[in-house]
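Overview (structure and organization)
Read off the chains here:
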Amino acid sequence: MSLLRSASLYAVANAVIALVGVVLTMALGRQLGPDGFGVWASFFAIQNVWAALGFLRLEVRLASCTTIVQADRIVLSGFAVGTLVTGVLCLSSVALLGLESTLWLALIAGFGTSILDALIQRHAFGGHQLLMLTFRAIRVLLPITTALAAALSGLSVDRVIACHGWMGILFPLLLWRRWILPARWLRLAMRTMLRYRRELIPSLVFATFNGLWINGLTPALNHFSSPAIAGQFAMLQRLLGGAMGLVSTAITLMLMKKDFVHVKWSVVQRVLYANIALCIGVCITAAIPILGLQVQWLGAGWQVSSSLFFASSVFLTACFAVGAISIVAIRLRDEWFMAIWQLLAVLCWVGIYLVTSPSSFIVPSLLFGALMYAVLYFRWHYLATVGGAT
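A brief structural summary. (Residues numbered from 1 in each chain as written. Predicted model: local features only at pLDDT ≥ 70, side-chain atom pairs only at ≥ 80, totals over all residues. Heavy atoms only, no water.)

**Topic: the environment of L53**
Rules: The helix count covers DSSP runs of H or I at least four residues long, the strand count covers runs of E at least two residues long, and both are numbered beginning at the N terminus. A 1.4 Å probe rolled over the protein chains alone gives each residue an accessible area, and that area as a share of the maximum for its type sets the label: buried under 20%, exposed over 50%, partly exposed in between. Whether two residues touch is decided by their heavy atoms; if any such pair falls within 4.5 Å, the residues are in contact.
Inspection of the secondary structure assignment puts L53 in the loop between helix 1 (3-51) and helix 2 (68-97). Judged by its relative accessible area of 8%, L53 falls in the buried class. Residues L53 and T208, spaced 155 residues apart in sequence, show a C-alpha to C-alpha distance of 7.0 Å. When neighbours within four sequence positions are excluded, L53 is seen to be in contact with L204, A207 and T208.

**Re the packing of aromatic side chains**
What counts here: Two aromatic rings, drawn from Phe, Tyr or Trp (for Trp, its six-membered ring), form a pair once their centres lie within 6.5 Å of each other, and the interplanar angle then sorts them: stacked below 30 degrees, edge-to-face above 60, tilted otherwise. A positively charged side chain is recorded as over a ring if its NZ (Lys) or CZ (Arg) lies within 6 Å of the ring centre. The angle to the ring normal must also be within 35 degrees.
For the coordinates displayed, the defined rule picks out 20 aromatic pairs. Centroid distance F37 to W302: 5.7 Å. Interplanar angle 70°. Geometry classified as edge-to-face. On the criterion of sequence distance, the pair formed by F37 in helix 1 and W302 in the loop between helix 10 (265-298) and helix 11 (306-323) is long-range, its members being 265 residues apart. Judged by relative accessible area, which is 0%, W302 ranks as buried. Grouping aromatic residues by their ring pairs yields a cluster made of F55, F79, F111, W176 and W185. Here the guanidinium or amino end of R379 rests over the ring plane of F337, the centre of that ring lying 4.1 Å away.

**Topic: the pattern of salt bridges**
To keep it simple, the criterion reads: For this analysis, a salt bridge means a side-chain nitrogen from Lys or Arg found within 4 Å of a carboxyl oxygen belonging to Asp or Glu.
Using the criterion set out here, one finds two salt bridges in the structure. Between R122 and D72 there is a salt bridge, with its nearest N and O atoms 2.7 Å apart. Residue R122 is located in helix 3 (residues 103-125), and its partner D72 is located in helix 2; the two are separated by 50 residues in the primary sequence. Overall, R122 belongs to the buried group, its relative accessible area being 7%.

**Section: empty space enclosed by the protein**
Just so we agree on the cut-off: Of the two site types, the cavity is a set of points on a 1 Å grid over the protein atoms alone where a 1.4 Å probe fits but cannot get out, and the pocket is an open set with protein on both sides within 12 Å along at least five of seven lines, each lined by residues with an atom within 4 Å of a point. Grid points are joined across faces, edges and corners, and a volume is the space filled by probe spheres set on the points. Residue classes follow a fixed rule: Ala, Val, Leu, Ile, Met, Phe, Trp, Tyr, Cys and Pro count as nonpolar, while Asp, Glu, Lys and Arg count as charged, and any other residue, Gly among them, counts as polar.
Enumeration according to the criterion identifies one cavity of 30 Å³ or more in this entry. Approximately 40 Å³ is the volume found for the largest cavity. Lining the largest cavity are Q47, T113, L116, R139, L142, P143 and G168. No other element matches the three residues that helix 4 (residues 129-152) contributes to the lining of the largest cavity. Taken together, the residues of the lining of the largest cavity sort by class into three nonpolar, three polar and one charged.

**Some thoughts on the packing of helix 4 against helix 5 (residues 157-175)**
To be explicit about the condition: All axes are obtained by fitting lines to C-alpha atoms, using only the stretch in contact for helices, and the reported angles, taken between N-to-C directions, cover 0 to 180 degrees. By convention the crossing between two helices is left-handed if the near helix lies anticlockwise of the far one by an angle smaller than a right angle, and right-handed if it lies clockwise.
Two numbers describe how helix 4 lies on helix 5: the axes approach to 9 Å, and their chain directions differ by 145°. Like other packed secondary-structure pairs, helix 4 and helix 5 cross with a definite hand, here right-handed. Where helix 4 abuts helix 5, its residues F135, I138, L142, P143, T146, A147, A150 and A151 lie against V160, C163, H164, M167, F171 and L175. Within the contact of helix 4 with helix 5, the residues separate by chemical class into 12 nonpolar, two polar and no charged.

**Points about the environment of D158**
Within the secondary structure, D158 is located in helix 5. Between the alpha carbons of D158 and G36 there is a distance of 9.1 Å; along the sequence they are 122 residues apart.

**Regarding the state of the cysteines**
Convention followed: Pairs of cysteine sulfur atoms within 2.5 Å are identified as disulfides in what follows.
Counted under the stated rule, the structure contains zero disulfides. Unpaired in this structure, C319 has its nearest cysteine sulfur neighbour in C279, at a distance of 9.2 Å. For C319, a relative accessible area of 14% gives the class buried.

**Some details on a nonpolar patch on the surface**
Under the convention used in this document: Patch membership requires more than 30% relative accessible area and the absence of a salt bridge. Residues of like charge join within 9 Å; the nonpolar side chains Val, Leu, Ile, Met, Phe, Trp and Tyr join within 5 Å. What sets the accessible areas is the Shrake-Rupley method with a 1.4 Å probe; for residues, cover comes only from the shown protein chains.
A grouping of I201, W336, I340, L344 and L347 is seen on the molecular surface, where their side chains present a nonpolar patch of about 510 Å² in accessible area. Ranked by the residues each element gives to the nonpolar patch, the list is headed by helix 13 (residues 335-355), at four residues. For W336, the location among the structural elements is in helix 13.

**Details of the side chain of N275**
Note on placement: N275 falls in helix 10. Ignoring anything within four residues of it in the chain, the contact list for N275 reads V247, S248, I251, T252, F320, A321 and A324.

This is the structure:
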């Protein structure tokens, strides 16, 4: 399959997946209301935090594989290590918080999402594009479809979350067809972890704090402010983020083409500026329907304040624009700085919360987050130009 045809298929498939996801998300928001949606979105956010860590970032090493056998060993090792770590964390959660807490279920569902992510990358490595897109559709749509089906059945929010969580692990396990003897599995996992230990440490640190950075605000709002505000922010994050994700993917594929790692810095800058311009366009286009018609579409309680919409727009624009060029961090060997940057950013959010009220910390936090993305970009600009790391 030619590069152009492959990129076009990927872009169209992702557009369809994103559009269906937006429609299902709005339907779930209308069914649960802002309070119920905020509680569900908080559970989903915690699940996504662990989804990035469930295989202890071993699946990222697939990008450096040269053979199918090596790729399968990495996937098998990630599953084995992730099962052990997730099990320990779940037992600890139950021991400390009890079964009534849903943290253990979010961890289990997050590990299920890690399985899907690993299978997506494994099929991408093997050149199985249709399988990769199928698994991506399952990864994106399975949680929201399960939750919506449960909500339409008249179940309470707690039971909706329970259905979501259990389906989030059982369905991926049905798709996992790579079972080997436990003793061999553990030996393979230990050898793989030792081989990649130096690369995994900065990747794990960054993924941990990046997961809190991207997904932590919704649970924080739900716990410290109100489920309604958490629900409104989560809905904005999905509506605006879904559209920006499509824009970012399309413009990156078009401008960078196939040479992502060794692309010239001038092209990287064009990708950044194009993403900023198009994401701003998305926000302007979405302003009227979201601020003016959201109540009619979703029901009472969904009126979003203009300040929250503006701050979310600025933060998500910076997030997707800078995120689109984050591949240059590999070329610039800047993974450790990204990990430290992410840690400092999360700590600054904690500081903002401590000096503001629980009901108002979201807006300054989002605006500060956009500023932190600017710091990251100027760091890369310095390394790529003044620092000579081109």
